[in-house]
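Here's the letter readout for the chains.
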Amino acid sequence: MITCQLRDAADSLSEILRLMGMDARTAYNGADALELLPSYRPHAAVLDLGMPGMDGYELARRMRAAASHAQLLIAAMTGYGNERDRERTAASGFDMHLVKPVEFTALQTLAESARTRVPA
């Protein structure tokens, strides 16, 4: 699983996912996340929507554009959770919409969903 967010949030989320038994790698921006994909074939990615430079929407679009990543589960992580926000993430190719602060049960659902995916 790739987590791509601001440094402290990404490090914390990656550690939680590791404690849940996931192999989590961390990228601090969209370009670094894209560089990880060819050598690390994750089942899932958690992307912060508000990253500087390439935002989570653009990163999700680029990940989805590669046929080799068609089965990648992509979760948006954001502070916004109204219906319009959820519709926008779905339209941008996200499979899940996680609202900060993310509840542990949502991370459990994410981890279980990722385990059933074919690697990208």
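Residues numbered from 1 in each chain as written. Predicted model: local features only at pLDDT ≥ 70, side-chain atom pairs only at ≥ 80, totals over all residues. Heavy atoms only, no water.

### Considerations on the pairing of strand β3 (residues 44-48)
With respect to burial, β3 is a largely interior element, five of its five residues being buried. Side chains of β3 alternate between two faces, with Ala44, Val46 and Asp48 and Ala45 and Leu47 buried alike. In terms of strand pairing, β3 meets strand β4 (residues 73-78) through five bridges, oriented parallel. Its bridge partner being in β4, Ala45 is matched across the sheet by Ile74. (Buried < 20%, exposed > 50% of the residue type's maximum accessible area, 1.4 Å probe, protein only. Helix = DSSP H or I, 4+ residues; strand = E, 2+ residues; numbered from the N terminus. Pairing = 2+ DSSP bridges.)

### A word on the environment of Thr109
Assignment of secondary structure puts Thr109 in helix α5 (residues 104-115). Distance from Thr109 to Tyr57, taken between C-alpha atoms, is 22 Å for residues 52 residues apart in sequence.

### Some remarks on the packing of aromatic side chains
Two numbers describe a pair of aromatic rings. These are the distance of the centres and the angle of the planes. What the rule picks out here adds up to one aromatic pair. The interplanar angle of 90 degrees and the centroid separation of 6.2 Å between the aromatic rings of Tyr57 and Phe94 together place this pair among those described as edge-to-face. One end of the pair, Tyr57, is in helix α3 (residues 56-65); the other, Phe94, is in the loop between α4 (83-91) and β5 (96-99), with 37 residues separating them in the sequence. The class of Tyr57 is buried, set by a relative accessible area of 7%. If you follow Arg88 out to its NZ or CZ, it ends over the ring of Tyr57, 3.8 Å from the centre. (Phe/Tyr/Trp six-rings, centres within 6.5 Å; stacked < 30°, edge-to-face > 60°. Lys NZ or Arg CZ within 6 Å of the ring centre and 35° of its normal.)

### Thoughts on the pattern of salt bridges
By the definition in use, this model includes seven salt bridges. Residues joined in a network through salt bridges with shared partners are Glu58, Arg61 and Arg62. (Salt bridge = Lys/Arg side-chain N within 4 Å of Asp/Glu carboxyl O.)

### What to know about the confidence of the model for the protein chain
For any part of a model where pLDDT is low, the fine detail of the predicted coordinates should not be relied upon. Overall, the predicted model of the protein chain reaches an average pLDDT of 89, with 93% of residues at or above 70. Mean pLDDT in the protein chain bottoms out at strand β1 (residues 2-4), which sits at 65, and peaks at β5, which reaches 97. (pLDDT = per-residue confidence, 0-100.)

### Structural notes on α3
Among the residues making up α3, those that are buried are Gly56, Tyr57, Leu59, Ala60 and Met63. The buried residues of α3 occupy one face: seen down the axis, they fall within an arc of 165 degrees. (Arc of directions from axis to C-beta.)

### Considering the environment of Gly93
Looking at the secondary structure, you find Gly93 in the loop between α4 and β5. Relative accessible area serves as the criterion here: at 18%, Gly93 is assigned to the buried category. In this view, Gly93 contacts Arg64 and Ile74; residues no more than four positions away in its chain are not counted. (Contact = heavy atoms within 4.5 Å.)

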